[in-house]
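Fold and contact review
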Amino acid sequence: MIEPLALQPLPESAEALRTDVRRFLDGALAGVAPDERARSWLGFDAEFSLALGARGWIGLALPREYGGGGRDAFARFVLVEELLARGAPVSAHWIAERQSAPMILRYGTEAQKRFFVPAICRGELFFSIGMSEPQAGSDLASVRTRATPTATGWRVTGQKIWTTNADHSHYMIALVRTSGAPEDRQRGLSQLLIDLTTPGITIRPIEDLTGDRHFTEVFFDEVDLPHEALIGSEGSGWSQVTAELAFERSGPERIYSSMVLLEAWLEFLRASRSDDPAAIALAGRILVHKATLRSMSVAVTAKVGAGGSPMTEASLVKDLGTELEQFTPIAIADAIATAQANAAASARSEGGATEVPAALLRTLAYITQFAPTFSLRGGTREVLRGLIARGLGLR
Ligand SMILES: Cc1cc2nc3c(=O)[nH]c(=O)nc-3n(C[C@H](O)[C@H](O)[C@H](O)COP(=O)(O)OP(=O)(O)OC[C@H]3O[C@@H](n4cnc5c(N)ncnc54)[C@H](O)[C@@H]3O)c2cc1C
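Predicted model only: the values in this text are computed from it and were never measured.

Let's shift gears to the overall build of the protein. Within the protein, the secondary structure is distributed over 13 helices and eight strands. For 395 residues, the compact-globule estimate of 2.2 N^0.38 gives 21 Å, and the protein sits close to it at 22 Å. With the C-alpha coordinates aligned to their principal axes, the bounding extent of the protein is approximately 85 × 45 × 45 Å. Expressed as a percentage of the 395 residues in the protein, the buried residues total 53%. Considering only intrachain contacts with a sequence separation of at least 6, the fraction spanning at least 24 residues in the protein is 76%.

Below, the discussion takes up the packing of aromatic side chains. The relative placement of two aromatic rings is captured by the distance of their centres and the angle of their planes. The full count for this structure, using the stated rule, is 11 aromatic pairs. Between the aromatic rings of Phe 127 and Tyr 171, the centroid separation amounts to 5.6 Å while the plane-to-plane angle is 20°, which identifies the pairing as stacked. In this pair, Phe 127 is assigned in strand β1 (residues 127-130) and Tyr 171 in strand β4 (residues 171-177), connecting sequence segments 44 residues apart. The exposure class of Phe 127 is buried, given its relative accessible area of 1%. Relative to Phe 374, the ring of Phe 370 lies with its centre 5.9 Å away and its plane at 80°, an arrangement referred to as edge-to-face. On the basis of relative accessibility, which here comes to 6%, the residue Phe 370 falls in the buried class. You can call Phe 374 buried: its relative accessible area is 4%. What links up through ring pairs into an aromatic cluster is the set Phe 115, Phe 116, Phe 127 and Tyr 171. Between Arg 39 and the ring centre of Tyr 366, over which it is positioned, the NZ or CZ distance is 3.9 Å.

The subject of this paragraph is the packing of helix α5 (residues 91-107) against helix α7 (residues 237-249). Remark: α5 packs on α7, axes separated minimally by 9 Å, with the N-to-C direction vectors making an angle of 140°. Of the possible angle classes, the one that applies to α5 and α7 is oblique. For α5 against α7, the interelement crossing comes out right-handed. Two secondary-structure elements touch here, α5 through Arg 98, Gln 99, Pro 102, Met 103, Arg 106 and Tyr 107 and α7 through Ser 239, Gln 240, Ala 243, Glu 244, Phe 247 and Glu 248.

As a further point, take the site of the ligand. Neighbouring the ligand are 15 residues, the closest being Ser 132, Ser 138, Trp 162, Thr 380 and Glu 382. In this structure, an oxygen atom belonging to the ligand sits 2.5 Å away from a side-chain N or O atom of Glu 382. Of the pockets mapped on this structure, the ligand occupies the largest pocket. If one sorts the elements of the shell around the ligand by residue count, strand β3 (residues 153-164) sits on top with three residues. Grouping the amino acids of the shell around the ligand by side-chain chemistry returns five nonpolar, eight polar and two charged.

Using the criterion set out here, one finds five cavities of 30 Å³ or more in the structure. As a volume, the second largest cavity reaches approximately 90 Å³. Residue lining of the second largest cavity: 15 residues in total, with Ala 38, Arg 39, Ser 40, Trp 41 and Ser 257 positioned closest to the centre. With three residues, helix α12 (residues 358-370) is the largest single contributor of residues to the lining of the second largest cavity. In terms of residue class, the lining of the second largest cavity is built from 10 nonpolar, two polar and three charged.

Now for the layout of surface pockets. Size it by volume and the largest pocket reaches roughly 1,300 Å³. Lining the largest pocket are 47 residues, and of these Ser 132, Leu 376, Arg 377, Gly 378 and Gly 379 lie nearest its centre. Put simply, the parts of the chain that give the lining of the largest pocket at least two residues each are α5, β3, α7, α12 and α13 (381-391). The leading source of residues in the lining of the largest pocket is α7, at six residues. For the lining of the largest pocket, the class distribution of residues is 21 nonpolar, 16 polar and 10 charged. Its volume calculated, the second largest pocket comes out at about 520 Å³. Every residue lining the second largest pocket is counted, 24 residues in all, and those nearest its centre are Ala 61, Ala 73, Arg 76, Phe 247 and Val 304. For the lining of the second largest pocket, the element with the most residues is α5, which contributes five residues.

Considering the arrangement of structural elements, one finds Glu 81 in helix α4 (residues 73-86). At 3.0 Å, the side chain of Glu 81 forms a polar contact with the side chain of Arg 18. One polar contact links Glu 81 to Arg 294, side chain to side chain, over a distance of 2.5 Å.

We now examine the pattern of salt bridges. Per the stated rule, a full pass over the model turns up 25 salt bridges. Here Glu 82 makes a salt bridge to Arg 18, at a shortest N to O gap of 2.7 Å. Separated by 64 residues along the polypeptide, Glu 82 in helix α4 and Arg 18 in helix α1 (residues 12-28) bring together distant segments of the chain. Among the residues examined, Arg 18 registers a relative accessible area of 5% and is labelled buried. A salt bridge links Arg 185 to Asp 139; the nearest nitrogen and oxygen atoms lie 2.8 Å apart. Here Arg 185 is found in the loop between β4 and β5 (189-195), whereas its partner Asp 139 is found in the loop between β1 and β2 (146-149), with 46 residues between them in sequence. You can call Asp 139 partly exposed: its relative accessible area is 36%.

Calculation criteria
- Residues numbered from 1 in each chain as written.
- Predicted model: local features only at pLDDT ≥ 70, side-chain atom pairs only at ≥ 80, totals over all residues.
- Heavy atoms only, no water.
- Helix = DSSP H or I, 4+ residues; strand = E, 2+ residues; numbered from the N terminus.
- Rg over C-alpha atoms; globule rule 2.2 N^0.38 Å.
- Buried < 20%, exposed > 50% of the residue type's maximum accessible area, 1.4 Å probe, protein only.
- Contact = heavy atoms within 4.5 Å.
- Phe/Tyr/Trp six-rings, centres within 6.5 Å; stacked < 30°, edge-to-face > 60°.
- Lys NZ or Arg CZ within 6 Å of the ring centre and 35° of its normal.
- Axes fitted to C-alpha atoms, helices over the stretch in contact; angles between N-to-C directions.
- Parallel < 35°, antiparallel > 145°, perpendicular 65-115°, else oblique.
- Left-handed = near helix turned anticlockwise from the far one by under 90°.
- Near = heavy atom within 4 Å.
- Polar contact = N/O pair within 3.5 Å; in protein donor to acceptor, adjacent residues only side chain to side chain.
- 1 Å grid on protein atoms, 1.4 Å probe; cavity = no way out; pocket = protein on both sides within 12 Å on 5 of 7 lines; lining within 4 Å.
- Sits in = over half its atoms within 2 Å of the grid points.
- Nonpolar A, V, L, I, M, F, W, Y, C, P; charged D, E, K, R; others polar.
- Points joined across faces, edges and corners; volume = space filled by probe spheres on them.
- Salt bridge = Lys/Arg side-chain N within 4 Å of Asp/Glu carboxyl O.

Structure follows, in C-alpha cells:
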C-alpha cells in the first residue's frame, strides 16, 4: 500500500479517520479482484453505500442538522482518498454526496433540504446529473430540453445523454430551458429535481468500450412535474450549474482513477523482485507527479472548505491529473512489455520471464480502454484549458 504522500500534511483530526476507514475497507474489499476495484467510482453497489452511510461516511462534511457528519473538508478528503485509492465501489452514492446534496443545501428550499439530504447521507437516495444532450456537451448553454410552466408545475420534453447511473438512480437534477430560445444561451435555463419514476421517462443504458453500462440516454416525453421540482430560482440554472461543476472538479478523484493499476503493478514488481532500473524510474516519476498533484488537490480542498469556489485551481488540478492518469496505463504497459521482451531475450541463459498475473493484465486492459474518458467527463481537456486561460486573465 502506498502511504499518503504527505508533501502537504492534513490536520491530525482528519488523519485520525484514516485508520478506521482502512480497517473497514480491509473487510469490505477482501477478495475483490483489482480489475473490479479499478472501476471504483463507476462500481455500483447499493449495499456498500448503505454500509458507508451507517458509519456516517456519506455527507461527512455536510451539516449535522441535515444528517451529515459536520466534519471539515479535510476529513472528507481523507475518506475519499482512501475509498478511491483502494477502489471501493462508491458509484451508487457518489453523485448525490458530491454534487446533489451540496447543491440542494445551497439553493434548495427548507422542505427540499429536509426531504433529500438526510436520505442521501444514509446512502438510501441516489442521484444522476442531467446536463449533456446530443447537441450540447461542452457547449452546455445550448441545451434544448424544455420545461414549460403548467397549472400544477412543469411539463418536460427532451433528451439527455451520457447520464451516469440514471437507470439506478432515484432522481436526476436536470438543466433545462424554462424560458426563451436556445439562442438565448445562458439566459432562461433552470434546474429541476426529477423523480425518475415519473411517467413519460424512458431510460436506455449505453455500453462503453469496456463493455460496462454505467451511463445512459434519458428521454422525457411530456413529463409532468410539481412546482416543487424547481431547485433554486427560475432562470438561474446557469450560475447554479457552474457552482455544481466546481463541486465536481474540486475533489481528489481526478488523481486516483489509475491508482489500483499502479498498486497492482508495484505489487508485481515487488513479488517478482524486479530491480529493473527503467521500472523503478517510472514508478518514481509517477509517484512524484502524484504527490505534487495531491498537494494541489489539498490546497483546492482548503479553498472549498473556506467557502470558496476555486474554479481555475480545480480545473488545473483536473487537467494535470488527467494527463497523469492517461499516461499511467500507457507507461505501465510499455514497462511490462519491455521487461518481458528483455527477459525473453535472456531466457535461454537465465530461465525466462516471470509470468505477469492475469489480474494485473485485466486491470491494465480495463484502465487502458477507459482512460480516454478521463479527459471528457466533468469537462473536456480543451474546455478546462479555456477556463484556466480565462481564470488567469489570458483570454
Ligand atoms: C464516463 C463519462 C460519464 C459522463 N457522465 C455524465 C453525466 O452523468 N451527466 C452528464 O450530463 N454528462 C455526462 N458525461 C458527458 C460529458 O460531460 C461530455 O462528454 C463532455 O461535456 C463533452 O461533451 P461532448 O461529449 O458533447 O463532446 P463535444 O463537446 O462535442 O466535444 C468534442 C471535442 O471537441 C472539443 N471542443 C468542444 N468545444 C470546444 C471549444 N470551444 N474549443 C476547443 N475544443 C472544443 C472537446 O474538447 C472534445 O475534444 C459523461 C461523459 C463520460 C465520458
